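Structure assessment
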Amino acid sequence: MKQFLAIAAVLITGAASAQTISRKAEFKKGQHIEATSSMKMVMTMEMMGQSMDMVNNYKFTSKVGVTDVTATDNKLSTTLTRVVMDMQAGPQTMSYDSDKKEDADSELGKAFSGKLNTPVNITTDKKGMITASDEKADPASDIMNDMGGGMGESMTKIGTSLEIIANLPSGKTFKAGDTWVDSLTDPKTNAKYVLNYRVVSIQGTDATVTFGGTVGRSGEMQQGGMTMNMDLKGLLKGEYTMETASGLVKTKKLNLEGEGKLETMGQEIPFKIKVDSDAVLNRQ
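Residues numbered from 1 in each chain as written. Predicted model: local features only at pLDDT ≥ 70, side-chain atom pairs only at ≥ 80, totals over all residues. Heavy atoms only, no water.

Here's the deal with the overall build of the protein chain
Within the protein chain, the secondary structure is distributed over three helices and 14 strands. By the burial criterion, 39% of the 284 residues in the protein chain qualify as buried. At a minimum sequence separation of 6, the contacts of the protein chain that also span at least 24 residues come to 59%. Per element, the accessible surface of the protein chain, about 15,800 Å² overall, is 55% carbon and sulfur. (Helix = DSSP H or I, 4+ residues; strand = E, 2+ residues; numbered from the N terminus. Buried < 20%, exposed > 50% of the residue type's maximum accessible area, 1.4 Å probe, protein only. Contact = heavy atoms within 4.5 Å. Areas by Shrake-Rupley, 256 points an atom, 1.4 Å probe, with all protein chains shown as cover.)

Quick notes on the packing of aromatic side chains
Taken as a whole, this structure holds five aromatic pairs when the rule is applied. One aromatic cluster is present, built from ring pairs that chain together Phe 174, Trp 180, Tyr 197, Phe 211 and Tyr 240. (Phe/Tyr/Trp six-rings, centres within 6.5 Å; stacked < 30°, edge-to-face > 60°.)

Overview of the pattern of salt bridges
Throughout the structure, instances matching the rule amount to nine salt bridges. For Glu 263, the salt bridge goes to Lys 261, with nearest N and O atoms at 3.7 Å. With a relative accessible area of 28%, Lys 261 lands in the partly exposed category. Each of Arg 82, Asp 97 and Asp 99 takes part in a single network of salt bridges with overlapping partners. (Salt bridge = Lys/Arg side-chain N within 4 Å of Asp/Glu carboxyl O.)

Here's the deal with the nonpolar core
Nonpolar side chains tend to gather and get buried jointly when the protein is soluble and globular. Membership of the largest hydrophobic core comes to 44 residues, with the highest contact counts inside it found for Ile 21, Met 85, Phe 112, Tyr 240 and Leu 262. In terms of nonpolar packing, the next biggest core, distinct from the first, is built from 16 residues, Ala 25, Val 120, Leu 162 and Leu 281 among them. (Core = buried A, V, L, I, M, F, W, Y, C linked by side-chain atoms within 4.5 Å.)

Regarding the environment of Met 45
Note on placement: Met 45 falls in strand S2 (residues 32–47). Taking the C-alpha atoms as reference points, Met 45 and Leu 262, 217 residues apart in sequence, are found 9.1 Å from one another. Excluding its chain neighbours within four sequence positions, the residues that come into contact with Met 45 are Gln 50, Ser 51, Met 52, Met 54, Leu 262, Ile 269, Pro 270 and Phe 271.

Considering the confidence of the model for the protein chain
Counting all residues, the mean pLDDT for the protein chain is 84, and 85% of those residues have values of 70 or more. Residue range residues 1–17 is modelled with pLDDT below 50. Its contacts to residues more than four positions away, or to other chains, number two contacts. Every residue in residues 145–153 is under pLDDT 50, and counting partners more than four places away or in other chains gives 22 contacts. (pLDDT = per-residue confidence, 0-100.)

Here's the deal with the pairing of strand S5 (residues 92–97)
For strand S4 (residues 73–89) and S5, the ladder comprises six bridges, and the chain directions are antiparallel. Across the sheet, the residue bridging to Asp 86 is Ser 95, located in S5. Here S4 folds back onto S5 in antiparallel fashion, the turn holding two residues, of which Gly 90 has a positive phi close to 60 degrees. (Pairing = 2+ DSSP bridges.)

Observations regarding the environment of Gly 216
Considering the arrangement of structural elements, one finds Gly 216 in strand S11 (residues 206–223). Of the residues examined, Gly 216 reaches a relative accessible area of 22% and is grouped as partly exposed. The sequence separation of Gly 216 and Gly 234 amounts to 18 residues, and the corresponding C-alpha distance is 6.5 Å. When sequence neighbours within four positions are dropped, the list of residues in contact with Gly 216 reads Asn 190, Ala 191, Lys 192 and Leu 232.

A word on the environment of Asn 57
When you line up the elements, Asn 57 lands in strand S3 (residues 50–69). Put simply, Asn 57 and Asp 276 are 219 residues apart on the chain and 9.7 Å apart in space, counted from C-alpha to C-alpha. Not counting residues up to four positions away in its chain, the partners in contact with Asn 57 are Met 39, Lys 40, Val 84, Met 85 and Asp 86.

Observations regarding unusual backbone geometry
Backbone geometry places Asn 117, a non-glycine residue, at a positive phi of 55 degrees. By the secondary structure assignment, Asn 117 is in the loop between helix H2 (107–112) and strand S6 (120–125).

Considerations on the side chain of Ser 277
Within the element layout of this structure, Ser 277 appears in strand S14 (residues 267–283). Those residues in contact with Ser 277, other than ones at most four positions away along the chain, are Ser 38, Met 39, Lys 252, Lys 253 and Leu 254.

This is the structure we're talking about:
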């Protein structure tokens, strides 16, 4: 009996190691997905010989519905359903919860009013790249981009990868232990990322991929109606789990630690920054 168990164990191990993954975006018509992402950013700035901490916590909830699936593309409807924020800069604090009626008239409430609970219809190809979108310009989009610092991908921007699809190179097949390098330049934020990926394991219906590398950003940014110049260099690392059959990301963790300087109104402000983010996808 022990011999049979040993043979079975070898066969199972061999089958697991032979599994592979490739880039794909497989949806089913009528499918519903809820995506929740949270981020904590701690930024320590040195101003006039004193240190000040900015601590920001964000949580976004979106629902994705699959309206149609053809042989060449997927048609989706994505809706931002809830935003929760807590921000602190020194002694000043600000909070916002889109579920609270009393927050609707706040500055953030007005900025998000055109974005919340407003479906955006998009089309992706079978690799998860967004080929069409009816999203309109909205102040909340710029706010969300500033929060993410250009680190996230997209749910609505044409030409980008749908962020709920695993970031794998197209046209290749990977097995456990395989690695690759990916670089990305975001012209809007003048940010550049160079990341090394590794397939840690492929077990059953899921695969785990780790990544890590460098991020650099240099150029102008808008914050609170002010124009600033930002220089940032940092190290980024994380991991995600994905469904091998569909390409959907189930969970994702990301950590960034960096330092740099802000230049505004003739002042140069050194800073250090740490960002931790988590994302979870749930089928409904």
